[in-house]
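Coordinate analysis (summary)
Here's the letter readout for the chains.
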Amino acid sequence: MKAPLSRRSLLQIAGLGTLATGVSALSGRSGAAPTGAAAPADPTGHAGHAGHAAHAMGAVGRVSTDRFDPTRFLRSWNFSDLPEGERSRFYRETPRPDGSLLREYEIYAVDREIEIAPGVYFPAWTFNGQVPGPTLRATEGDRIRIHFLNQGSHPHSLHFHGWHPPEMDGSMPDQQVEPGGSFVFEFDADPFGLHLYHCHAVPLKRHLHKGLYGAFIVDPKTPRPPAEELVMVMNAFDTNFDGDNEVYAVNSVAHYHMAEPVAVPLGKLVRIYLVNLTEFDPINSFHLHGMFFKVYRTGTSLESHEVGDTVMLCQGERAILETTFRYPGPFMFHAHQSEFAELGWMGLFQAAPAAPAEEGTGEAHEA
Ligand SMILES: [Cu+2]
């Protein structure tokens, strides 16, 4: 079934809380209906009325976290989510004479179906089987060496933001890696800040939107203060390939953190690495309820020149956000474009006193 629906009509049909139902129908996955999908049948007589189609926020049902766990993704970099034995297959550190590190990565492109809302599957192109790809993290001055293997069905490449010579740019026609091919990218981590990487094969918007992107954090040589750190990649999916997104999220899974709030420590510094990799829509945004945060655009300065409760980012833009939760309880965060929020880009922080065992660690990142 291929329904000729735009995302506007999808919104009218689905309404708040029935996103999964609407998109399932749209993407033709009849065999994967979310359990207990809420049809808009409502004893108050709102049945079928789009504006009141459901009174709950978020998707119905849960995605499987066997292959990709959004909560783990928030706090994983350099494959820290893998057991040590397995991790060394994908990431190795070698000290260099000047005190910096050579950081080596195994990154491969592979086609994989991913679940972006309960029962909604998207035929993604991925780095290492996940969208967003693994977060890479280094300290300014480290050497990055990436062994890139294309196991996908189309030519792909790796293009990093940051200083590097043109032969390491991954953007020119002769830098595309054919299926089955490989290439070694090597460059210095410079400058410190919050960057990104993505495939740079053409058509670029298709290769990006299919899921070939990730965050690249470069820490300053003197690290930022200890904090609870979270990686959030704003992204979206065009499930019917009409050049418009139907599902929006932070870290791929629509409304995931409405049901599984992001736990944050009360009274301690929280640092969010926010990257916008939404394709098709020029602008995305992050809005936090009940609080303000410092904004470090591109993370290339240790001084913040902006304090706000909403930050707007163009495609490929990113910012480091810092805040401290004053009050315990749930705090909503979402795109301030209401349509994006309703289509999945919405979640909750849950602020609570840090467990005693965690006191003093400050979730100190291993860099
Ligand atoms: Cu590609």
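Each residue is numbered by its place in its chain's sequence as written, counting from 1. Confidence filtering applies because this is a predicted model: local features only for residues at pLDDT of at least 70, side-chain atom pairs given and counted only at 80 or more, and all residues used for totals across whole chains, interfaces and linings. Computation of side-chain values: all heavy atoms of the structure, hydrogens and water removed.

1. Looking at the overall build of the protein
What counts as a helix is a DSSP run of H or I of at least four residues, what counts as a strand is a run of E of at least two, and both are numbered from the N terminus. When helices and strands are counted, the protein shows 7 helices and 20 strands. Between buried and exposed lies partly exposed: a residue is buried under 20% and exposed over 50% of the maximum accessible area for its type, with that area taken using a 1.4 Å probe on protein chains only. Within the protein, the proportion of its 367 residues that are buried is 53%. Each accessible area value is a Shrake-Rupley result obtained with a 1.4 Å probe; residue values ignore everything except the protein chains displayed when judging cover. Only carbon and sulfur atoms are counted for the fraction: they give 57% of the accessible area of the protein, which is about 15400 Å².

2. A few points about the side chain of His 255
Locating His 255 in the fold gives a position in the loop between β11 (247-250) and α6 (256-259). Think of a polar contact as two N or O atoms within 3.5 Å of one another; within protein, one of them needs to be a possible hydrogen donor and the other a possible acceptor, and neighboring residues in sequence only count if both atoms come from side chains. A polar side-chain atom of His 255 sits 3.2 Å from the main-chain carbonyl oxygen of Ala 341. We call two residues in contact when some of their heavy atoms are within 4.5 Å. The residues touching His 255, leaving out its near neighbours within four places in the chain, are Gly 58, Ala 59, Ala 341, Glu 342, Leu 343, Gly 344 and Met 346.

3. Some thoughts on the side chain of Asn 150
Its place among the elements puts Asn 150 in strand β5 (residues 143-150). Contacts of Asn 150, omitting those with residues within four sequence positions, involve Ala 109, Pro 155, His 156, Val 177, Glu 178, Pro 179, Gly 180 and Gly 181.

4. Section: the coordination of the copper ion
For Na, K and Ca the donor cut-off is 3.2 Å; for every other metal, N, O and S atoms count as donors within 2.8 Å. Water does not enter the count, which can leave sites looking incomplete. Looking at the copper ion, one finds its protein donor set to be His 156 (ND1), Cys 199 (SG) and His 207 (ND1), positioned 1.9 to 2.1 Å from the metal centre. Between consecutive donors of the copper ion, the numbers of intervening residues give the motif H-x42-C-x7-H. By the burial criterion, Cys 199 is buried, and His 207 matches it.

5. Here we look at the sheet that holds strand β16 (residues 306-308)
For two strands to count as paired, DSSP must find a minimum of two bridges between them. On the basis of which strands lie adjacent, the open sheet formed by 6 strands has the order β11-β10-β13-β18-β15-β16 and mixed pairing. Of all the strands in the sheet, just β11 and β16 have a single pairing partner and so form its edges. Taking each pair of neighbouring strands and ignoring which way they run, the sheet shows an average axis angle of 25 degrees. Examined bridge by bridge, strand β10 (residues 228-237) and β11 share 4 bridges and lie antiparallel to one another. Bridging across to β11, Phe 237 finds its partner in Val 247. Lines fitted to C-alpha atoms define the axes, with helix axes restricted to the stretch in contact, and inter-axis angles between N-to-C directions lie between 0 and 180 degrees.

6. Comments concerning the nonpolar core
Within soluble globular proteins, side chains that are nonpolar generally end up buried alongside one another. Nine residue types can take part in a nonpolar core, namely buried Ala, Val, Leu, Ile, Met, Phe, Trp, Tyr and Cys, and a core is a set of them joined through side-chain atoms within 4.5 Å. Ranked by internal contacts, the top residues of the largest apolar core, which has 30 residues, are Met 232, Phe 286 and Phe 349. Looking at this core, the element that brings in the most residues is β10, giving 4 residues. If you look at the next biggest cluster of nonpolar residues, it comprises 29 residues, including Leu 208, Tyr 213, Leu 277 and Ile 320.

7. With respect to the pattern of salt bridges
By salt bridge we mean one thing: a side-chain nitrogen of Lys or Arg within 4 Å of a carboxyl oxygen of Asp or Glu. For the structure shown, the criterion picks out 16 salt bridges. For Asp 238, the salt bridge goes to Arg 206, with nearest N and O atoms at 4.0 Å. With a gap of 32 residues between them, Asp 238 in the loop between β10 and β11 and Arg 206 in helix α5 (residues 204-209) connect regions that are remote in the sequence. Residue classification places Asp 238 among the buried residues on the basis of a relative accessible area of 0%. Here Arg 297 ties to Glu 306 by a salt bridge, and the two come within 3.1 Å at their closest N and O atoms. Given a relative accessible area of 35%, Arg 297 falls into the partly exposed group. Here the salt bridges do not stand alone but share partners, grouping Glu 104, Arg 143, Arg 145, Glu 186 and Asp 188 into one network.

8. Examining the environment of Ile 146
Checked against the element boundaries, Ile 146 lands in strand β5. Ile 146 gets classed as buried once you look at its relative accessible area, which sits at 0%. C-alpha of Ile 146 to C-alpha of Phe 185: the two residues are 39 residues apart in sequence and 5.0 Å apart in space. In this structure Ile 146 touches Tyr 105, Ile 107, Leu 136, Leu 158, Phe 160, Phe 183, Val 184 and Phe 185, once residues within four positions along its chain are discounted.

9. What about the sheet that holds strand β20 (residues 346-352)?
In a beta sheet, neighbouring strands pair by backbone hydrogen bonds and run either parallel or antiparallel. Pairing in this open sheet of 5 strands is mixed, and the strands run β12-β20-β19-β14-β17 from one edge to the other. In the strand order of this sheet, the two ends are held by β12 (262-265) and β17 (310-314), each with one partner. Mean inter-strand twist for the sheet, computed between neighbouring axes without regard to direction, equals 25 degrees. In this sheet, strand β19 (residues 329-334) lies alongside strand β14 (residues 283-288) in antiparallel orientation, the contact comprising 2 bridges. The partner of His 287 across the bridge, within β19, is His 334.

10. Things to note about the confidence of the model for the protein
Overall, the predicted model of the protein reaches an average pLDDT of 86, with 81% of residues at or above 70. Per residue, pLDDT measures the predictor's confidence, with a range of 0 to 100. Across residues 1-5 the pLDDT falls below 50, and counting only partners more than four positions away or on other chains, this stretch makes 9 contacts in the model. Throughout residues 359-364 the model reports pLDDT below 50, and contacts reaching past four residues in sequence, or to other chains, amount to 10 contacts.

11. Comments concerning the packing of aromatic side chains
When two rings of Phe, Tyr or Trp (its six-membered ring) have centres within 6.5 Å they constitute a pair, described as stacked for plane angles under 30 degrees, edge-to-face for angles over 60, and tilted for the intermediate range. Scanning all chains against the criterion turns up 22 aromatic pairs. Judged by centre distance (5.2 Å) and plane angle (85 degrees), the ring pair of Phe 160 and Phe 216 falls under edge-to-face. Of this pair, Phe 160 sits in strand β6 (residues 159-160) while Phe 216 sits in strand β9 (residues 213-219), and the two are 56 residues apart along the sequence. For the pair Phe 286 and Phe 293, a centre-to-centre distance of 5.8 Å together with 70 degrees between the ring planes defines the contact as edge-to-face. With respect to class, Phe 286 is no different from Phe 293; both count as buried. Site record: aromatic cluster; members linked through ring pairs are Phe 127, Phe 148, Phe 160, Phe 183, Phe 185, Phe 187, Tyr 197 and Phe 216. Stacked on the ring of Trp 77, the Lys or Arg Arg 137 has its end atom at 4.7 Å from the ring centre. Directly above the ring of Tyr 296 sits Arg 224, whose terminal nitrogen or CZ lies 5.7 Å from the centroid. The criterion for a charge sitting over a ring is simple: Lys NZ or Arg CZ within 6 Å of the ring centre, and within 35 degrees of the ring normal.

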